[in-house]
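Breakdown of the fold
The primary structure of each chain is shown beneath.
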Amino acid sequence: MANIDLLWVIFASALVFLMQGGFLCLESGMTRSKNSINVAIKNLADFCLSTLVFWAVGFGLMFGLSYKGWIGLDLFSLDFAKAPPSLAVFFLFQVMFCGAAVTILSGIVAERMKFGAYLFVAVIVSGLLYPIAGHWSWADLDGAGGSGWLADLGFVDFAGSTVVHSVGGWAGLALVLIIGPRLGRFDDGSGAQTITPSNMPTATLGALLLFIGWLGFNGGSTLVLDDTVPSILINTVVGGCVGAISAGGLRYAVNQRLDVDQFINGALGGLVAVTANCFAVSTGSAALIGLVGGMIVVFVSQLLEILKIDDAVGAIPVHLGAGIWGTLATGFYGDLETLGTGLSRLEQVGVQGLGVLVYGIWTFGMAYLVFSAGNAAFRFRVSEEEEIAGLNISEHGMQHESEMQTAEGRSLESAG
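Residues numbered from 1 in each chain as written. Predicted model: local features only at pLDDT ≥ 70, side-chain atom pairs only at ≥ 80, totals over all residues. Heavy atoms only, no water.

Within an unreviewed UniProt entry, the label attached to the protein reads Ammonium transporter, and the organism entered is Aliisedimentitalea scapharcae. For the protein, the Sequence similarities (unreviewed entry) comment in UniProt is given as "Belongs to the ammonia transporter channel (TC 1.A.11.2) family." (UniProt positions renumbered as here; feature names shortened; annotations may be inferred.)

Right under this line is the structure:
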């Protein structure tokens, strides 16, 4: 890499790192204050732990010398002080992607999972599920390790609608099926009960931080500062904005009011949907992809409620639902010459569908097996008493200020 390209990727890495702050604000704002400290610290702890695991194991599995396109065999625990600067910068960028994939699970299972069990899950995703899946599509990104078997077939996922977002979504779906819904969510038999978020302005700030971070997520995936970057950034912004409008508008048409969390998640769904294809579609196609991505968020959210699957922040509709759509849309709308696979339109759509299927089987299947075994060995879920008290106090011995004020108010009422 030339120095300007190194600088661009370093800057993009910092933007992607900002997404951790976005996830933190989004998840803590969309959950109850009695769990906000737990949600916040998970977003810091999972990044710290996944960085260590990805450096020690995951980076090698993902980008090491390829064994028949299935798994990497070297680049474990590298000393980057002795590595070429280009490889060090490449690792920096990729470890941010790993952190994003892991953090998707945090919001899905918020408010009911033991902190230690969540860290175990972070290790499995960052050290096994994500890097092996990533090798199949991105093994050749470092220019040294060979290519993955899916990439050889022509599968394209530019910045990770499937490799990052759907992998996180599939793993999160497996995990939430194992630990079950929050107390009170589906208990009375009358359908899904709304659990009131603690701070929607904070959640909205989180969405904006994620939006900013996505510019690095997609723009930095060029790995060079070339002429394609401006259109990639514009397609990213357009897809996210149209996704918000489509999801918000669809909910408004039904409820005659703006559903704030669906507007937020629609924006994120639009961003996820254009992530796979932003380098190879027109601005109009990016808008259409974002439009459908936002609608898919709404439909999948309703489906989860019908199935009594409790995703605390709506991450499965955003990352899995819109991720699948974005991967397929790459085949539908991507410029074939820019994709550069040599496939016809129909063949490209078929390979994209195969990738969706393969990643679903691998990630959901392995996650369900490993997480079920882990849950059998040490129960993932907190007790009912701990869940009612809140994970701030039961897991960390701390209380949010609003909780303490409520407790003080009750004490004064009792004294009076």
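After that view, the rundown keeps rolling.
A look at the packing of aromatic side chains
Scanning the model with the defined rule gives 30 aromatic pairs in all. On the numbers, 4.8 Å between centres and 50 degrees between planes, the contact of Phe93 with Phe97 is tilted. Taken together, the positions of Phe93 and Phe97, both in helix 3 (residues 85-108) and four residues apart, correspond to about one turn of that helix. Here the aromatic rings of Phe120 and Phe380 are separated by 6.0 Å at their centres, their planes lie at 55 degrees, and the arrangement is tilted. You can see Phe120 sitting in helix 4 (residues 115-138) and its partner Phe380 sitting in the loop between helix 13 (345-377) and helix 14 (384-389), a full 260 residues away along the chain. By relative accessible area, Phe120 is classed as partly exposed at 25%. Of the residues examined, Phe380 reaches a relative accessible area of 0% and is grouped as buried. (Phe/Tyr/Trp six-rings, centres within 6.5 Å; stacked < 30°, edge-to-face > 60°. Helix = DSSP H or I, 4+ residues; strand = E, 2+ residues; numbered from the N terminus. Buried < 20%, exposed > 50% of the residue type's maximum accessible area, 1.4 Å probe, protein only.)

Focus: the side chain of Glu111
Topologically, Glu111 is positioned in the loop between helix 3 and helix 4. Within the local environment of Glu111, its side chain forms a polar contact with the backbone nitrogen of Arg32, the two atoms lying 2.8 Å apart. At a separation of 2.8 Å, a polar atom in the side chain of Glu111 contacts the side chain of Asn35. Discounting chain neighbours no more than four positions away, the residues touching Glu111 are Thr31, Arg32, Asn35, Arg182, Ile195, Glu387 and Leu391. (Polar contact = N/O pair within 3.5 Å; in protein donor to acceptor, adjacent residues only side chain to side chain. Contact = heavy atoms within 4.5 Å.)

A word on the packing of helix 9 (residues 260-275) against helix 11 (residues 315-333)
Packed helices, taken two at a time, are described by the angle between their axes plus the distance between the axes. The interhelical angle for the contact between helix 9 and helix 11, taken along N-to-C directions, is 40 degrees, at an axis separation of 8 Å. Note that helix 9 runs across helix 11; the crossing there is right-handed. Residue-level inspection shows Asn265, Leu268, Gly269, Val272 and Ala273 of helix 9 in contact with helix 11, the latter providing Val318, His319, Ala322, Gly323, Trp325 and Gly326. The class makeup of the residues in the contact of helix 9 with helix 11 is six nonpolar, five polar and no charged. (Axes fitted to C-alpha atoms, helices over the stretch in contact; angles between N-to-C directions. Left-handed = near helix turned anticlockwise from the far one by under 90°. Nonpolar A, V, L, I, M, F, W, Y, C, P; charged D, E, K, R; others polar.)

Thoughts on unusual backbone geometry
The phi dihedral of Lys68 is positive, around 55 degrees, even though this residue is not glycine. Looking at the element boundaries, Lys68 is found in the loop between strand 1 (66-67) and strand 2 (71-72). We note that Ser77 has phi near 45 degrees; this positive angle belongs to a residue other than glycine. Its location among the elements puts Ser77 in the loop between strand 2 and helix 3.

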